Amino acid sequence: MNLIDASSAKVFAMHDAIFTGLASPSRGSTENSAWIVELSANKPGVTHQLTREEIFICLSGTAKVNMGDDHYTLSAGACLIVPAHTRFSITKTSDENFRAVAILPVGAEAVLEDGKTFTPPWAL
């Protein structure tokens, strides 16, 4: 399948975030997974890291990013590149919901603070 319509994409909820799965191996992609992530709650983001580089392209809203020892503000039109094995969290900071497209290579795993690893289900 070459066209994935967001209205028919599978939606996942985890850690106070909504993930709309777009490209992934189960939907025909062999190299990268892509999804829309939405943060609507004003709660601290879950600190984690990934085994591969992840890219976020902000569509709307504003969020605070803690990445390693650095802190950034991510807003509409900006792109965040998170290197592999870098602790980070994203927390919504505006009244508007934060929405971004996330891109992650196929096969990457998330690593939580307690060391638990998993493949994000929206990336399968």
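Every value quoted in this text rests on a predicted model; they were computed, and no experiment measured them.

**Here's the deal with the pairing of strand β8 (residues 79–82)**
By the alternation rule, side chains of β8 split into L80 and V82, which are all buried, and C79 and I81, of which none is buried. By the bridge criterion, four bridges tie strand β5 (residues 54–60) to β8 in an arrangement that is antiparallel. Bridge pairing links F56 to L80 in β8.

**Structural notes on the pattern of salt bridges**
Taken as a whole and judged by the stated rule, the model has two salt bridges. Residue D16 is joined to K43 by a salt bridge in which the shortest nitrogen-to-oxygen separation is 3.6 Å. Highlighted residues: D16 in the loop between β1 (11–14) and β2 (17–21) and K43 in the loop between β3 (32–39) and β4 (48–50), separated in sequence by 27 residues. For R87, the salt bridge identified is with E113, shortest N-O distance 2.7 Å. With R87 in the loop between β8 and β9 (88–92) and E113 in the loop between β11 (110–112) and β12 (117–118), the pair connects residues that are 26 residues apart, well separated along the chain. E113 gets classed as partly exposed once you look at its relative accessible area, which sits at 48%.

**Quick word on the sheet that holds β3**
What the six strands build is an open sheet, ordered β1-β2-β3-β10-β5-β8; its pairing is antiparallel. Unpaired on one side and paired on the other, β1 and β8 mark the two borders of the sheet. Each adjacent strand pair in this sheet contributes to an overall mean axis angle of 25 degrees, direction not counted. Bridge count between β1 and β2: four bridges; the pairing is antiparallel. Residue pairing for β2: M14 is matched across the bridge by A17.

**Let's talk about the pairing of strand β10 (residues 98–105)**
As judged from the eight bridges shared by β3 and β10, these two strands associate in the antiparallel manner. By the bridge assignment for β10, L39 is matched with F98.

**Re the environment of K64**
Note that K64 resides in strand β6 (residues 62–67). Distance in space between the C-alpha atoms of K64 and T93 is 6.4 Å, their sequence separation being 29 residues. If sequence neighbours within four positions are ignored, K64 has contacts with Y72, S89, I90, T91 and T93.

**Considerations on unusual backbone geometry**
Backbone geometry at H15 places phi at a positive 55 degrees, although glycine is not the residue there. Along the chain, H15 turns up in the loop between β1 and β2. Even without glycine at this site, D16 takes up a positive phi of about 60 degrees.

**Details of the nonpolar core**
Within the largest apolar cluster, 27 residues are counted, with the highest numbers of intra-cluster contacts made by W35, F56, L80, I90 and F98. Counting only elements with at least two residues in this core, the list comes to β2, β3, β5, β6, β8, β9, β10 and β11. Top contributing element to this core by residue count: β10, with four residues. Discounting residues that sit within four places of it in the chain, W35 has contacts with F19, T20, G21, L22, E54, A100, V101, A102, L104, W122 and A123.

Cut-offs used in this document
- Residues numbered from 1 in each chain as written.
- Predicted model: local features only at pLDDT ≥ 70, side-chain atom pairs only at ≥ 80, totals over all residues.
- Heavy atoms only, no water.
- Buried < 20%, exposed > 50% of the residue type's maximum accessible area, 1.4 Å probe, protein only.
- Helix = DSSP H or I, 4+ residues; strand = E, 2+ residues; numbered from the N terminus.
- Pairing = 2+ DSSP bridges.
- Salt bridge = Lys/Arg side-chain N within 4 Å of Asp/Glu carboxyl O.
- Axes fitted to C-alpha atoms, helices over the stretch in contact; angles between N-to-C directions.
- Contact = heavy atoms within 4.5 Å.
- Core = buried A, V, L, I, M, F, W, Y, C linked by side-chain atoms within 4.5 Å.

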